[in-house]
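Below are the chains, spelled out letter by letter.
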Amino acid sequence: MIPELGHFALVLALALGLVQAIGPLAGAHYRDAALMRMADSTALMQFVFVALSFAALTVCYVTSDFSVANVYENSHSTMPLIYKYTSVWGNHEGSMLLWVLILALFGAAVAAFGGNLPATLKANVLAVQSWIACAFYVFILLTSNPFLRIAEAPLEGRDLNPILQDIGLAIHPPLLYLGYVGFSISFSFAVAALIEGRIDAAWARWVRPWTLAAWMFLTVGISMGSYWAYYELGWGGFWFWDPVENSSLMPWLAGTALLHSAVVMEKRNALKIWTVLLAILAFSLSLLGTFLVRSGVLTSVHTFATDPSRGVFILAILVFFIGGALALFAWRAPLLKQGGLFAPVSREGALVFNNLFLTTACLTVFVGTLYPLALESVTGEKISVGPPFFNLTFAPLFIPLLFAMPFGPLLAWKRGDVLGVAERLMAAFAVGIVAIAVTFVIKGGQSVLAPFGIGLGVYVIGGALIDLVERTGLFRLPLATVRSRAAGLPRSVWGTAVAHIGIAMSLIGIVAQVWADERIVSLKPQETVSIAGYTLSFDRLTQRTGSNFREQVAKFTVRNSGGTVVGTMDPSKRTFPARATTTTEASLLTRGTSQLYLSLGDANDDGSIAVRLYHKPLVLLIWLGSVVMMLGGGLSLSDRRLRVGAPKPAKKAATKPALQPAE
Amino acid sequence: MTRKQRRLILIGSSVGVLAIAAALVLGALRDSIVFFNSPTDIVEKQTAPGTRMRIGGLVKAGSVERGENLRVSFAVTDGNHDIPVRYVGIVPDLFREGQGVVAEGKLEAGGTFVADMVLAKHDENYMPREVVDALKKSGRWQEGEAGNVAK
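Cut-offs used in this document
- Residues numbered from 1 in each chain as written.
- Chains lettered and ligands numbered in written order.
- Predicted model: local features only at pLDDT ≥ 70, side-chain atom pairs only at ≥ 80, totals over all residues.
- Heavy atoms only, no water.
- Helix = DSSP H or I, 4+ residues; strand = E, 2+ residues; numbered from the N terminus.
- Expected span 1.5 Å × (residues − 1).
- Buried < 20%, exposed > 50% of the residue type's maximum accessible area, 1.4 Å probe, protein only.
- Phe/Tyr/Trp six-rings, centres within 6.5 Å; stacked < 30°, edge-to-face > 60°.
- Lys NZ or Arg CZ within 6 Å of the ring centre and 35° of its normal.
- Pairing = 2+ DSSP bridges.
- pLDDT = per-residue confidence, 0-100.
- Contact = heavy atoms within 4.5 Å.
- Axes fitted to C-alpha atoms, helices over the stretch in contact; angles between N-to-C directions.
- Domains from an automatic or database assignment.
- Polar contact = N/O pair within 3.5 Å; in protein donor to acceptor, adjacent residues only side chain to side chain.
- Salt bridge = Lys/Arg side-chain N within 4 Å of Asp/Glu carboxyl O.

K.L.:
Can you help me understand helix 1 (residues 3-32) of chain B in this one?
P.N.:
Every α-helix carries 3.6 residues per turn, so stepping three or four residues along brings you back to the same face. A rise of 1.5 Å per residue sets the reference length of helix 1 of chain B, with its 30 residues, at 44 Å; its end C-alpha atoms lie 42 Å apart and thus fit the reference within 8%. Along helix 1 of chain B, the residues that are buried comprise Arg6(B), Ser14(B), Val17(B), Ala21(B), Val25(B), Ala28(B), Leu29(B) and Ser32(B).

Structure follows, in structure tokens:
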């Protein structure tokens, strides 16, 4: 009964979606207020029905109802409860249901919080949003129905892929989807603006908070996925330039560019057409990512099942939305009026620079990801494009971007003084150079480039702090004035500085991996292995039993160079009888932001066991940086001018003077 | 500065950055891509030793030998031809005889493949797609096995 209810709720959501896709659009065209207002209630009800459908599937999983094919294939009665919840989206059908749930959530949020949007814009946005939703409802109902029954219910399920039996599955996919799908709102706004043929600074002020929210989730979603891969796959790597990772990085790069160009549009009414195009591209890349991951074109842990009909269906959705939006863009964009003028050296110019490099970097990732697929379909030759390609293309584009980053917030709008800014950044240059020198002294010439990477990161942090110091008047003015100026500073200024510090932290963490140490050895009990001043002694091998697995645990004691015990590590190998598979559970020992990483290989007949041991200096900065970026985004989002649904032009006049750099 | 001049600067710098990116991409594509070969491809194409490549197929049953200091040797087969592979290190959890595998490395003059990376599947249900295609090409792919892949 429950699965049928879930199925039915999804069909109802589709019916509501169809109404919402057409009614409000017609309402906006004929200026019919009743038709336009209808979108609010259908958007909310769509969310309610999709949520019911999702809840129904969750109930099937939690109660281990193996008469549902999807549950049978991806669950097991002995699985811990938390994984019964998370395995709802640990498979193709369920993950698509989560996708539409989040899509409907964003639609409902626009309906609920978009109170002061112009009626026609809101109606058009919700209609476009519903077009996307309908396409995916049909996709789920026709090709990926999670509610299909098995005639004779099996007694036991086939268990969830053991790699996915981890807390990471509870965190990474929902956050990533909130980001991916969140860009659908910017897309809908862009398409709605094109339908209306009208766009202004207020439009950017409405779009920015949604984009910012999606961007925050995507940032952390990607980085949590990276951390999960780092500790679960047992290789100690955090980014493999795998096509699936790239397909989440591309919308992130486009979304980051969009965030910055929307600032120019909001403040200076310039870059309108470009901003609209970016909004379309960011979500198009999300759709492309969905296609790459869900169609079975690529093989990875994210590809749950391959079924050609699904690939073709998603491709059709992709072509319809991207092609349609771009065609609409080509047709209507010339109607959008050109905005304000600015000199090449100005805050606007700096943001254009940012956009230029971000989109170009995005393009190189795009080429590296799709070239092998294109080549294979044309010539049949199979190639793999791995990390060397991206190190040679992506990194050189990010260096100028990061170098220019501190200049942006310090430059004045309209016409800036680049030499003056360079002078103000002198202290940041100085600490950057000191950092390079210190790194060289400590680490020697192991890597020539890496110290410069560290220096670049330190300089970016310095630049962000200088911006804050200048604006608050710290060291210049009495403390009380500083405090009141700091409190009066727009939150978006704090947000910018914090987010920029975050990316610099990630950079430092990534660069520092040049100095990571690795030992791969075979050890017998009581033997020791040393790395980076730590000595690990292998105490013994024991067995443990979990609810649905058995594991072989190796106990290690870690001592520092002084011989003091600093901790124990117990990496293990888990065997899951239901799927007859083994996973490696690495053990991590955190010292500051550095980590020792230990994972087990195979046991040999002579009682020894292979181990992989890494020392990863400053590695936690990579992910902490992304959390700091998200905090920056959150600060910006809490700016009163940007608060969702509160873009009052009057406020802008009140706070604008404070936004100018302190002269 | 007129609007036109400004636009020229903008377009000029965009073209400049794109040109740099294109140069980087083309350079990197020449130097850093790795071709995938099945054992049959290697035998038939007479691939020159020393080229970096990926090979894929099944780990031949009974071919895995483990030596001192994490040395592993095995043979990759597509049913028609076998290629011996040497590797030093820890093989993935799902590396097993009779199962799909992809290895990256270089072919030695003697015909042995020296791998520096061994990839197995993420999950016991899947087979690397390259391996499936290689097996299909060699005619050793039975549709009955499709259950292993499509599910």
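K.L.:
Just checking my understanding: could you explain the packing of aromatic side chains for this structure?
P.N.:
Here the distance between the centres and the angle between the planes together describe a pair of aromatic rings. Residues and elements named next belong to chain A. Inspection of every chain in the model, using the stated rule, returns 31 aromatic pairs over all chains. Considering the side-chain rings of Phe 549 and Phe 576, the 5.5 Å spacing of their centres and the 45 degrees angle between planes classify their relative orientation as tilted. Here Phe 576 lies in strand 7 (residues 572-576) and Phe 549 lies in the loop between strand 4 (534-545) and strand 5 (550-559), a separation of 27 residues in the sequence. Both residues of the pair, Phe 549 and Phe 576, count as buried. Through a chain of ring-to-ring contacts, three or more aromatic side chains come together here, namely Tyr 227, Tyr 230, Tyr 231, Phe 238, Tyr 597, Tyr 614 and Trp 623. For the cation-ring pair, Arg 332 lies above Trp 331, with the distance from its terminal atom to the ring centre recorded as 5.0 Å. The ring of Tyr 614 is capped by Lys 616, whose NZ or CZ atom sits 4.7 Å from the centre of that ring.

K.L.:
Would you mind going over the pairing of strand 7 of chain A with me for this structure?
P.N.:
Moving residue by residue along a regular strand, the side chains alternate between the two faces of the sheet. Residue and element names in this part refer to chain A. Of all five residues in strand 7, four are buried, a share of seventy percent or more. Of the pairings in the sheet, the one linking strand 5 to strand 7 comprises four bridges and is antiparallel in character. Counted as the bridge partner of Gln 552 is Lys 573 from strand 7. Judged from the five bridges that link them, strand 7 and strand 8 (residues 581-585) form a sheet pairing that is antiparallel. Following the sheet pairing, Ser 572 is matched in strand 8 by Glu 585. Hairpin connection between strand 7 and strand 8: a loop of four residues separates the two successive antiparallel strands, and Ala 580 in this loop has a positive phi of roughly 50 degrees.

K.L.:
Can you walk me through the confidence of the model for chain B in this structure?
P.N.:
Fine structural detail should not be taken from predicted coordinates in areas where pLDDT scores are low. Residues and elements named next belong to chain B. In this model, chain B carries an average pLDDT of 80, and 84% of its residues clear a pLDDT of 70 or more. Mean pLDDT across the secondary structure elements of chain B bottoms out at helix 4 (residues 146-150), with 34, and peaks at strand 5 (residues 82-88), with 92. A low-confidence stretch, residues 143-151 stays under pLDDT 50, and its non-local contacts, those more than four residues away or across chains, total 20 contacts.

K.L.:
Can you walk me through the sheet that holds strand 11 (residues 609-616) of chain A in this structure?
P.N.:
Sheet strands line up and pair through hydrogen bonds in the backbone, either parallel or antiparallel. Residue and element names in this part refer to chain A. Spatially, the four strands line up as an open sheet ordered 2-11-10-9, and their pairing is antiparallel. Of all the strands in the sheet, the pair left with one neighbour each is strand 2 (517-523) and strand 9 (587-591). The mean angle between the axes of side-by-side strands here comes to 15 degrees, regardless of whether they run parallel or antiparallel. The pairing of strand 2 with strand 11 spans seven bridges and is antiparallel. Bridged to Leu 523 within strand 11 is Ile 609. Where helix 8 (residues 201-232) meets the sheet, its contacts fall on strand 9, strand 10 (594-603) and strand 11, and the angle it forms with strand 10 comes to roughly 45 degrees.

K.L.:
Explanation requested: the domain arrangement of chain B in the structure shown.
P.N.:
Parsing chain B into structural domains produces domain 1 (1-33) and domain 2 (39-121). Relative placement of domain 1 of chain B and domain 2 of chain B: their C-alpha centres are 42 Å apart.

K.L.:
It is not clear to me how the side chain of Ser384(A) should be interpreted in this structure. Could you clarify?
P.N.:
Along the chain, Ser384(A) turns up in strand 1 (residues 383-385). Residue classification places Ser384(A) among the buried residues on the basis of a relative accessible area of 14%. Reaching out from Ser384(A), the side chain makes a polar contact with the side chain of Arg54(B) at a distance of 3.3 Å. When neighbours within four sequence positions are excluded, Ser384(A) is seen to be in contact with Ser32(B), Ile33(B), Val34(B), Arg54(B) and Glu104(B).

K.L.:
Hey, could you run me through the pattern of salt bridges in this one?
P.N.:
Where side chains of opposite charge bring their charged atoms close, a pairing between them can arise. Counted according to the given criterion, the structure contains 21 salt bridges over all chains. The residue Lys382(A) makes a salt bridge to Glu376(A) at a minimum N-O spacing of 3.1 Å. With relative accessibility at 13%, the residue Lys382(A) sits in the buried group. One network of salt bridges, with partners in common, ties together Arg52(B), Arg54(B), Glu104(B) and Asp116(B).

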